[in-house]
Structures are given as structure tokens and as C-alpha cells.
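Survey of secondary and tertiary structure
Listed here are the chains, written in short residue letters.
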Amino acid sequence: MPGSVSEGNWDLAGRGSLDQARHLDRLREAIRQKLPVVVAETPLIEGQTQKVKVPVKVLELPRFRPKMPSAPTGGVGQGPGEPGDIIARVPRGGQGQGGGDQQPGDQPGEHEIEVELDIRTAIAMVFEDLQLPNLQDRGGQDLWRPKLQWNSRRRHGTLPTLSRRATLKEALARSLAEGKPLNFTPDDLRFRAAREEPEPITQAAIYLLRDISGSMGGERKYLSRVLTFWIVTWLRQQYQTVAVEFWVHDVSAQKTDEAQFFGLAEGGGTLAAPAYQAIQQYMQVHHPSSQWNTFVFHFTDGDVADGHAAFEAAQQLCANVRWFGLVELQPPNYFLHSPSRLSHLLEELPRPPYRHVLLNKRSDVLQAIKLLLQEEEASA
Amino acid sequence: MSLKAELEGFLSRLWEEALAFGIDPVPVDFEIVPAHAIYELAAYGMPGHYSHWIYGRDYWRMKQRMDRGQGRLYEMVIDTEPAIAYLLDSNTVAAQKLVMAHVLGHADLFKNHLLLKDGPKQFHHTLAASRERFAQYAREYGADAVEAILDRALSIQDQVAVEPQERAEPTNPPSRPNPYLDLWGEEKPAARRRPPRYSLPTSDLLGFIARHSPVLQDWERDVLEVVRLEGLYHAPKRKVKILHEGWATYCHHHLLPRLELEPGEAIEVARVHAQVATPDPLRLNPYWFGWQFAESLVEEFGFARAREIWMEETDAGLVRNYLDSQRVRRLQLYRYRWVQGEVRTPRGPLPTWDAIYEESDVEDLRAALANALAVGPPEIQVVDVGVNGVLELRHTPDDSQLDPEWTQLTLEAIRDLWGAGVVLYDANAKPYRVEPRRRG
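Residues numbered from 1 in each chain as written. Chains lettered and ligands numbered in written order. Predicted model: local features only at pLDDT ≥ 70, side-chain atom pairs only at ≥ 80, totals over all residues. Heavy atoms only, no water.

1. Digging into the interface of chain A and chain B
A common way to state how big an interface is: give the accessible area lost once the parts meet. Short version of the rule: Residue contacts are defined here by distance: any two heavy atoms, one from each residue, within 4.5 Å place the two residues in contact. As a working definition, buried area equals the accessible area (1.4 Å probe) given up by two parts on being put together, with both sides summed. Here, a salt bridge means any side-chain nitrogen of Lys or Arg that lies within 4 Å of a carboxyl oxygen of Asp or Glu. Helix numbers and strand numbers start at the N terminus; a helix is a DSSP run of H or I with at least 4 residues, a strand a run of E with at least 2. Ten residues, namely Ala, Val, Leu, Ile, Met, Phe, Trp, Tyr, Cys and Pro, are considered nonpolar, four, namely Asp, Glu, Lys and Arg, are considered charged, and the remaining ones, Gly among them, are considered polar. Pairs of strands are assigned from DSSP output, requiring at least two bridges between the strands.
Opposite the 68 residues of chain A that make contact, chain B presents 93 residues. Carbon and sulfur atoms supply 58% of the area buried between chain A and chain B, which totals about 7200 Å² over both sides. Together, Phe64(A), Gln78(A) and Arg92(A) form the three largest contributors to the area buried by chain A at its contact with chain B, with a combined 14%. Along the contact surface separating chain A from chain B lie six salt bridges. Linking Arg26(A) and Asp151(B) is a salt bridge whose minimum nitrogen-to-oxygen distance equals 2.8 Å. Those elements that provide at least two residues to the side of chain A that touches chain B are strand S1 (3-7), helix H1 (15-38), strand S2 (51-59), strand S3 (74-78), strand S4 (86-91) and strand S5 (108-118) of chain A. Examining the composition of the side of chain A that touches chain B, we find that ten residues originate from one element, H1(A), more than from any other. In terms of residue class, the side of chain A that touches chain B is made up of 27 nonpolar, 25 polar and 16 charged. For S3(A) and strand S4 (residues 333-345) of chain B, the ladder comprises five bridges, and the chain directions are antiparallel. Across the sheet, the residue bridging to Val76(A) is Arg335(B), located in S4(B).

Structure follows, in C-alpha cells:
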């Protein structure tokens, strides 16, 4: 009696995916902590439909296990060879092969896996965590603009704007008052009419300004890339229309596109004042503050050659923008957070609109986003 | 002819040849299933298995790895009666035939190997029944409560053992109170709580906690007992991995030439065989190592005696008792050690680990290999229940030391199950302590 052959029966059907979902639940916190920095490769302008891959460490249950040797030892293999031959060679990374310094349990284990998330889900998770309040509509006439609303009636007009319902109402009322059956006269005609009403402006212009002087490469470029993603994503959620302008500067400023914004690098010194002035001039033409909510974010290491001129230029800029954010990217192992020359110069700017964050490592990105995008109390 | 009919026909011919060849397998029910089913079965280890997130994690990791093309699972076979073998539906027909012959080798071990033949053969039904009960517990006490208890129980699933029944006098099962007793005006015997008697020391840590923990509810004890049974079910299987794959490879290698295959199938069979049974420079490939070992035993002792040896050894025992210098040469075995090296690249030197082929004599190699194969999970004994109900544990000395951080976290899981403090003395009598959880 040899047994049998059949097709398609197994008992677990689907259980793996269900338990995997539970596993993901337990990974949620780990994913959330990684999310702010894995979006670096996502393009800003058309990045909304993509997936992000989040590398996370797998969860392990604690168990009794032998201590791993701190360095790999050896073993038994099979195959041809002579004593002294090198039979395999692997790159020696930071963690080596032992990897015994990991924490079990709710802490990550030693193996990494990739979780694929929809970018929208990822964004929702991060902002849920940040708990940023939605931006308030700013009062004042400059952020209202007139808009035609078709909500009025009048006695004269062109035939296409005839309101049949209003006309019928008029005719009914008149006919009843006169005690006659329903009839229409030219006096009954009513037409729809437009009236000008103020409407809040729901468009925003984001000016991203990057310092491309020599010291702004590597990790600091990466951090500015991550931060710009979250700034743009957040403001996109707040306004119907969002225009993003990319500017770079060293001693002079220049408008660029997204690719160049992150790609350009120059040597030499750098000045902030000409860049602020250039942006201000451009903004007055293309995104006047009577029509647009304007936001300016300046990414720099703060090592500028400006004098007081930078403060004056920034002050002028501040008068016309909703936020002016200075993002100071310091070297990773900078000794203490001492303010840079630029942030020292700008210290006296009114807050709001001025805001200032220091950033030097990936783990601080979440905090920086929060400081940067927080709506400040307008008490000052 | 449908695939099913073709394979059925093949199976009956294969079965006859297998018996004629001299093996005695348990009958096998073959199921042709899609890839994700194989991943699922490999992650859970058994049909009928209950849910827990670690299996979902394993399923997903396996799926990710296989989807990237790192390895392939041709089959998955379960030690039941009849045995169940799952065949990947995307295998070629020739590969299915090879896998079926291979599975009969496994089935021979299931039925005849000393460590396996008396094991539970309907364990999938046991698990399926417990799955129903666990689902009921989840409805009654909440899925989180069930997960919390499973998290902790699975942490010590390897710390199980079958030991003689405890010395404690048989306690009468709690009988229902006689409803007519008061008619006679008899005094109720005062309910006197007997101090529990333990048979100590014991290596059955999980079983001990399941029976004697003062804080667990009955349903929680049931969960622990199921996890313990599963641990016991898997324990012997860890000791015979090379024997299993080696024998199965030996069987398909000798059975297939005795059967007529379609033209072209022989090439595919040879391709799959070569893909699976190939020496690995850095570790033992059980398919190749076991198969070659079996061949050498048959050459030396004849088929019948070689099969007898095969059915009573473990992986470690096979190496310790039969790996002589001749076999070391035939199997091209060597020891190697990792040393720090460097390669020059255009971007500067790149640090590496280099595996260096080492000169070593047969004795050393045999001892090193047998010891490595004999390593199991650490043995933790319950030695006493002390003042304030503190559970006292001891790590039975072996060649290795416990990982301190993992040990501490595992002890916390034990503390939650035990409900009082826990102390563990490692091989150097160094204590790890966990205080009882504060209430409120």
C-alpha cells in the first residue's frame, strides 16, 4: 500500500499571511523609527505613488542560547584543497559574523528583513507619530482674495443663466395672490448672478534654498534630502496647490531644478544675504504674498562670510513669508551644538516667522521635522 | 494523462522497486501544492498548527528569500502515519519523480529509525485539536492573553524532557462533591492543601512549570502542555538531520535508475540531483555528506548491515563511530579557521575574513565534527523551589556559556509563568536573578 497522490490540499491555507500581519503589528514601532530616513530616494515632485522599503531587524523571542564568540572561529568543510589554501573570503563589515551583541525579545534580533510599505501609509505613520496640528488659516486681508460665487438672483440676464426654480416660485406666488391659475409674465423671470466674495488662499509656495559650498556634501546632503521630503509632504497635505522652487547658493544665488538642487557642489566661501535678496525679488514677481502662502527653508552649515547684511536681508524676507526656517546641518561629530555664525546673525529675527533647527544625525530627523513644521503660537 | 494520474502510476511502480531494493517505508500521501503553501508548511513545521506571529515571520522571511531566488524548496515531508509529503507544483515532472523517490527514503527512517519509530504519528491531529482550543481561549480570554502566554512558553520550548513519572502519591482527580452527603449529616473533610511534592532535579522545565506553577489558570497550563509536546516532538528530529537527508538522497539515487523514465527526464533528474547533492566548502551539506557516507558504509558492510547501522545512529554517533581516515579522504573533509585578511581594491584595502584550510589529523577532525553535531539547546534543570517560592534553576555544564542578555530576558519570561522570583546558576555557579513582578 504505497499511499496516494492528490492536488491542492494543505491545512494551513492563509495562516501564514495572517500571522505575518500580526508580526508586522509588533514591528510597527521599529518601522516607525526607521521611516523618517528611508524616504531619501523618493523624488519630491512625483513621489506620491511609490513604495518605500524599510529595513528592520526581525523580532526574536528570548531563549537560552550559547554566547556567540566575538570573532568567527572555523568549522568543517568539504571539497578539494591543500593546507594553507584560502577557501573562502567575505568582506569584514562592522558587525562581523558573530553578531552576539544584539538584544532578544522586543529588541531587534540579528537578522534584517525588508518591509515594503506604500508611501502614503508610511507618511501617515510618521505624521500620526508627530501629531502636528494642522495649520491655522492666517487672518488678515492679504490672505483672502475675491472670488465669484454664483449664489445670487437678479431680474435681468442672459437666457442660459435663467433659474427655472426661482422663476416658477415667483410665478406661483404672483398667480396665487391674484387668484388666477398659474401663468408666467416677463416680470417673473429670475436669473442666476455672481457676486464677489472673499475666499481664503489655499496655495503655497515653498522655497528650498541650499548652500552648495564645499562643506555640504555626504551625510549633510542626505539629511537635507530627507528633511525636504517631509517639509514638502507636510505642506502638500495642508494646501490645495503647492509650488516648490529649488534654489542653490554660494556667493550668489541661482534657481535650479530638483536634480541639480541635490547634485550641485562648489568650493569656496558662501554668502547668505545675496540669496535672501534674490529669493525675495523672485517671490515678489511669481508668488506675491497677497496671493500665496510662502515658506522659505534654508539648508546650510551656517559657515557664511556675511556681516549684518544677512540679518537685514532676512528681516525683509521675514516680512513677506509665513515661515522662514533655518536648517543648520552640522558635521556628525561636532563638539557640542554651538550656534554657527549664520544662526548667530539671525538670532534677533522675529519668531514667527523665523525658526531654527540644528541637525547632525539621522536619529534626530524626526525631532527636527517636528520643530520645523510646528505652528508656533502667534503671541510674540 | 493528467499529472496526478501519471504520478500515481509512477508511485505504484516506485513502491514495488523500493520494497525490492530493501527499504521498508511508511505509506506516503503526496499533495501537490503551490509555492506559498510549501513556505507556510515549512514555517509552521506541521499541518494543523496553531497561530503565532513567529511563524508568520518565518513564513515571510522564507517567501522573501525564495522570491529572490535564494534557494528552492522542492518538498516538505511530515512524520505521520501515513506520512504526508507536499510537492511544489512548479517542479518539473522529472523533479517530482525524484522527490517522490527521495521522500520514500525519509519514510523509511520514519518507520524504522530507533529515535523516530515510536514517536507520535498523529501529532498533526493533536495540534489541530489544540488549535481549536486555542481559538476558543482567544475568544474567551482575548487574543492578547493567548499571545502573551505563547510568547513565554515558546521561549522555553527547547527546555523539555520525558522523565519518569513524579514520585508524588497519586492525587485523586477532583471528583464532584457528592450532592447527597449532607443528608447523613457527616462532617465535610477539611480541605487540606498538601504541599506540592516535586521530583527534582528535572530537565523538563516547561513541564514542571505547567504542572506546578501556582499562578497559571487551567487553560494556560493547557497551552504550555501543547507547546511542551511540540518541543518533545521536534527534539529527536534535530539529531538525525544528516541521516535523514543522506538516506533520502541515497534512496533516490539508487531507486530512479531502476525505473523507466521518459526520454529527457533522466537529464532533469541528474540536474536536480547535482543541484542538491553538492559539497559545500564551508559547512556540511547533509545531502552530499550523508549520501556519500551511506555509500561508503554499504561498500564496507553490505546493504543490510549498513541500513541497520543507519537506523540506530544519530548524526553525531555516526561521525564518532564510523568516520575513519579513509572516509575523511573520500568525503574530502577538512577543518578551516577564519582569519582576518585584506584585499586590495582600487578604492583602497578592504578588510575581509578569510577561511584557511587547516592541516588536522583524523582524530581531531572527528572529535570536532561529532561535538559540533551533538550540540543541542542548553539544558536547564529545575533544582529546587526555595523560600518565597523562588524557582531555582541550574545550567547543566557543557562546552558553551550562556549568553547573559538572552538568559536574563528568558528568565523574565519564566518568572511571568511561575509567578515568583527565579534564580539560575550557570556552569560557574554565577547566579542570574529575576525578582517577582510587583503587583499593582
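There's plenty left to go through after this.
2. Some points on helix H3 (residues 53-67) of chain B
All names here are of chain B. Note the cut-off: Multiplying 1.5 Å by the helix residue count minus one yields the expected span of that helix. Per-residue accessibility, obtained with a 1.4 Å probe over protein chains only, is compared with the maximum for each type, and a residue is labelled buried under 20%, exposed over 50%, and partly exposed between these values.
End to end, H3 covers 21 Å across 15 residues, agreeing with the expected 21 Å (1.5 Å per residue, within 8%). Among the residues of H3, Trp53, Ile54, Tyr55, Gly56, Arg57, Tyr59, Trp60, Met62, Gln64 and Met66 are the ones counted as buried. Where H3 terminates, the next one or two residues include glycine 69, which has phi positive at roughly 85°.

3. Details of a negative patch on the surface
Residue and element names in this part refer to chain B. To be explicit about the condition: Think of a patch as exposed residues, more than 30% relative accessible area, with no salt bridge, where like charges cluster within 9 Å and nonpolar side chains (Val, Leu, Ile, Met, Phe, Trp, Tyr) cluster within 5 Å. Method for areas: the Shrake-Rupley scheme with a 1.4 Å probe, in which residue coverage is limited to the protein chains shown. Positive charges are assigned to Lys and Arg, negative charges to Asp and Glu, while His and the chain termini are left out of the count. Here the site of a charge means NZ on Lys, CZ on Arg, CG on Asp, or CD on Glu.
Together, Glu163, Glu379, Asp398 and Asp399 make up a region of like negative charge exposed at the surface. In this fold, aspartate 398 is placed in the loop between strand S7 (391-395) and helix H16 (404-418). Looking at aspartate 398, the relative accessible area reads 38%, which means it is partly exposed.

4. Topic: the sheet that holds strand S11 (residues 293-300) of chain A
Residues and elements named next belong to chain A. Filter applied, for reference: Working convention: axes come from line fits to C-alpha atoms, limited for helices to the stretch in contact. Angles between N-to-C directions cover 0 to 180 degrees.
The six strands lie next to each other as S10-S9-S8-S11-S12-S13, forming an open sheet whose pairing is mixed. This sheet does not close on itself; its edge strands, each paired only once, are strand S10 (253-256) and strand S13 (354-359). Sheet twist, expressed as the average angle between the axes of neighbouring strands with direction ignored, equals 20°. Relative to S10, strand S9 (residues 241-249) is paired through four bridges, and the arrangement is antiparallel. Paired with tryptophan 247 across the bridge in S10 is lysine 255. Seen against the sheet, helix H6 (residues 273-286) touches strand S8 (203-211), S9, S10, S11 and strand S12 (323-329) and runs at an angle of roughly 155° to S8. Seen against the sheet, helix H9 (residues 365-373) touches S11, S12 and S13 and runs at an angle of roughly 175° to S13.

5. Things to note about unusual backbone geometry
Residues and elements named next belong to chain B. Along the chain, glutamate 81 connects to proline 82 via a cis peptide bond; the corresponding omega equals -10°. Checked against the element boundaries, proline 82 lands in the loop between strand S2 (75-78) and strand S3 (83-88). The phi dihedral of glutamine 332 falls on the positive side, at around 50°, and the residue is not glycine. Position of glutamine 332 among the secondary structure elements: in the loop between helix H14 (325-330) and S4. Classification of glutamine 332 as partly exposed rests on a relative accessible area of 32%. Despite not being glycine, asparagine 388 has its phi angle at roughly 60°, a positive value.

6. Details of the confidence of the model for chain B
As a reminder, the rule being used: Confidence scores here are pLDDT values: one per residue, from the predictor, ranging 0 to 100.
Of the residues in chain B, 91% reach a pLDDT of 70 or more, and the chain-wide mean stands at 87. Confidence drops under pLDDT 50 across residues 190-194 of chain B; counting only partners more than four residues distant or on other chains, this segment forms one contact.

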